[in-house]
Amino acid sequence: LLVAWMDEAQRFIQPDDGNVDVLREAMATVIMATQSKTSLRLPLGGKDKAEPIVLNLRNRVICRAADEDCARESADFIGKTQKRKITRSVQSRGSN
């Protein structure tokens with residue numbers, strides 16, 4: 001069993017680190033901990049190059065979003081939708 005644990009992963013990764021799928025096939029485990037998914041974009045060569053790598057990371061633990069973009073992406077990932085809340089109140093009228 002091989003485990004690559006990277007806390008603050010944006011400090012350690014490079015654009016060549018897009019081999020997450022190959023490592024998974026070799027039964028290795030890659031853990032990339034970061035404050036925000038968006039912090040991985042620059043070290044991986046931009047949003048377009050980072051997205052397939054991040055999608056190859058199978059499990060996500062979402063605690064608290066560091067920025068609004070990350071919060072929105074996390075909500076979309078878990079299937080959150082916004083719905084309009086309808087409230088009703090009932091009042092009793094007294095008779096005089």
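Look above for the structure.
Presented here is an overview of the structure given in this document. Quick caveat: nothing in here was measured; it's all calculated off a predicted structure.

Notes on the overall build of the protein
Of regular secondary structure, the protein possesses 3 helices and 2 strands. N-terminal to C-terminal, the α/β element order of the protein is β-α-β-α-α. Taking 12 Å as the expected radius of gyration for a compact globule of 96 residues, we find that the protein reaches 21 Å, considerably beyond that expectation. Taken over the C-alpha atoms alone, the protein extends approximately 80 × 30 × 20 Å along its principal axes. By the burial criterion, 22% of the 96 residues in the protein qualify as buried. Looking at the protein alone, contacts between residues at least 24 apart form 68% of all its contacts between residues at least 6 apart. Just so you have it, the protein exposes about 8300 Å², and 49% of that area is on carbon and sulfur atoms.

Some points on unusual backbone geometry
As a rule of thumb, non-glycine residues mostly have phi less than zero, and peptide bonds are mostly trans rather than cis. Residues other than glycine seldom take positive phi values, yet Glu-8 does so here, at roughly 55 degrees. Positive phi, normally seen in glycine, also occurs at Met-27, with a value near 65 degrees. Mapped onto the secondary structure, Met-27 falls in the loop between helix H1 (20–25) and strand S2 (28–33). Judged by relative accessible area, which is 65%, Met-27 ranks as exposed.

A word on the nonpolar core
Met-6, Ala-9, Ile-13, Val-20, Val-30, Met-32, Leu-40, Leu-44, Ala-50, Ile-53, Val-54 and Leu-57 together form the largest nonpolar core, which totals 12 residues. Listing elements by their share of this core, those giving two or more residues are S2 and helix H2 (47–55). Aside from chain neighbours lying at most four places away, what touches Val-20 is Met-32, Ile-53, Asn-56 and Leu-57.

Some thoughts on the environment of Lys-83
If you trace the backbone, Lys-83 turns up in the segment after helix H3 (68–78). A relative accessible area of 73% places Lys-83 in the exposed class. Note: C-alpha distance between Lys-83 and Arg-24 (59 residues apart in sequence) is 38 Å.

With respect to the pattern of salt bridges
Per the stated rule, a full pass over the model turns up 3 salt bridges. Between Arg-72 and Glu-68 there is a salt bridge whose closest N-O contact spans 2.8 Å. Taken together, the residues span about one helical turn, with Arg-72 and Glu-68 both in helix H3 at a distance of 4 residues. The class for Glu-68 is exposed, based on a relative accessible area of 58%. In this structure, Arg-72 engages Asp-69 in a salt bridge whose closest nitrogen and oxygen atoms are separated by 3.3 Å. Of this pair, Arg-72 and Asp-69 both sit in helix H3, 3 residues apart, which is roughly one turn of the helix. For Arg-72, a relative accessible area of 42% translates into the label partly exposed. Residues participating in the shared-partner salt-bridge network are Glu-68, Asp-69 and Arg-72.

Quick notes on H2
Helical periodicity: at 3.6 residues per turn, an α-helix aligns residues three or four positions apart in one direction. Ala-50, Ile-53 and Val-54 are the residues of H2 that are buried. Projected onto a plane normal to the axis of H2, the buried residues spread over an arc of 95 degrees and lie on a single side. Residues of H2 that are exposed and point more than 90 degrees away from the buried face comprise Asp-48 and Leu-55.

Cut-off values and rules
Residues numbered from 1 in each chain as written. Predicted model: local features only at pLDDT ≥ 70, side-chain atom pairs only at ≥ 80, totals over all residues. Heavy atoms only, no water. Helix = DSSP H or I, 4+ residues; strand = E, 2+ residues; numbered from the N terminus. Rg over C-alpha atoms; globule rule 2.2 N^0.38 Å. Buried < 20%, exposed > 50% of the residue type's maximum accessible area, 1.4 Å probe, protein only. Contact = heavy atoms within 4.5 Å. Areas by Shrake-Rupley, 256 points an atom, 1.4 Å probe, with all protein chains shown as cover. Core = buried A, V, L, I, M, F, W, Y, C linked by side-chain atoms within 4.5 Å. Salt bridge = Lys/Arg side-chain N within 4 Å of Asp/Glu carboxyl O. Arc of directions from axis to C-beta.

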